[in-house]
Amino acid sequence: MTITTTDGQEISVHRGEWVFWAPDGTVDGCMYADAWVGSSTDRAAVRFYGKSDGPKKLAAGFRAELMTRDRWAAEVMPLMLRRTGA
């Protein structure tokens, strides 16, 4: 199955990573892409935050971005490591 990243790339679902950004631009969390979620931001938010909180988070300014795992490793993982002090 292929999915479309936020920046328009067609990739295998196995190469995708969802990144959840807080309104202040910090990383709130990440999860692997999967077939049920596909390229749907709404489904990604429900999978990550839960059925009732997913829509609330998006309405409050949180955003979900689907990217390649390579891009995640280069851009997001360093931010997460810096946040944890690793």
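Here's a quick rundown of the structure. Small disclaimer: the values here were computed from a predicted structure and weren't measured.

Attention shifts here to the nonpolar core. Ranked by size, the top nonpolar core spans 15 residues in total, and within it Ile3, Trp18, Phe20, Met31, Ala33 and Ala44 carry the most contacts. If you list the elements that add at least two residues to this core, you get strand E3 (16–21), helix H1 (41–49) and strand E5 (63–68). Ranked by the residues each element gives to this core, the list is headed by H1, at three residues. Sequence-distant contacts of Ala44, defined by excluding residues within four places in its chain, comprise Trp18, Phe20, Met31 and Val37. Judged by nonpolar contacts, the second largest core, of seven residues, contains Trp21, Val27, Cys30 and Trp72.

The final tally for this structure, using the stated rule, is four aromatic pairs. Between Phe20 and Tyr49 the ring centres are 5.5 Å apart and the planes differ by 75°, which places this aromatic pair in the edge-to-face class. You can see Phe20 sitting in strand E3 and its partner Tyr49 sitting in helix H1, a full 29 residues away along the chain. You can call Tyr49 buried: its relative accessible area is 16%. Between Phe48 and Tyr49, the aromatic rings sit 4.9 Å apart at their centres with planes inclined by 85°, giving edge-to-face as the arrangement. Counting every residue linked through ring pairs, the aromatic cluster contains Phe20, Phe48, Tyr49 and Phe62.

So, about the sheet that holds E5. Sheets are built from strands that pair by backbone hydrogen bonding, the pairs being arranged parallel or antiparallel. Read across the sheet, three strands follow the order E4-E3-E5 without closing on themselves; strand pairing throughout is antiparallel. With partners counted over all chains shown, the strands left at the sheet margins are strand E4 (27–32) and E5, one partner each. Between one strand and the next, the sheet's axes are offset by a mean angle of 25°, whatever the strand orientation. Here H1 sits on the sheet in contact with E3, E4 and E5, set at roughly 100° to E4.

With that settled, the discussion passes to the pattern of salt bridges. Overall, the coordinates contain six salt bridges when judged by the stated rule. Here Glu65 and Arg63 are joined by a salt bridge, their closest N and O atoms 3.5 Å apart. Using a relative accessible area of 46% as the deciding quantity, one classes Arg63 as partly exposed. Close ionic contact of Arg71 with Glu65 constitutes a salt bridge, the shortest N to O distance being 2.8 Å. Judged by relative accessible area, Glu65 falls into the buried class, the value being 10%. Within the structure, one salt-bridge network assembled from shared partners comprises Asp7, Arg63, Glu65, Arg71 and Glu75.

Conventions and cut-offs
- Residues numbered from 1 in each chain as written.
- Predicted model: local features only at pLDDT ≥ 70, side-chain atom pairs only at ≥ 80, totals over all residues.
- Heavy atoms only, no water.
- Core = buried A, V, L, I, M, F, W, Y, C linked by side-chain atoms within 4.5 Å.
- Buried < 20%, exposed > 50% of the residue type's maximum accessible area, 1.4 Å probe, protein only.
- Helix = DSSP H or I, 4+ residues; strand = E, 2+ residues; numbered from the N terminus.
- Contact = heavy atoms within 4.5 Å.
- Phe/Tyr/Trp six-rings, centres within 6.5 Å; stacked < 30°, edge-to-face > 60°.
- Pairing = 2+ DSSP bridges.
- Axes fitted to C-alpha atoms, helices over the stretch in contact; angles between N-to-C directions.
- Salt bridge = Lys/Arg side-chain N within 4 Å of Asp/Glu carboxyl O.

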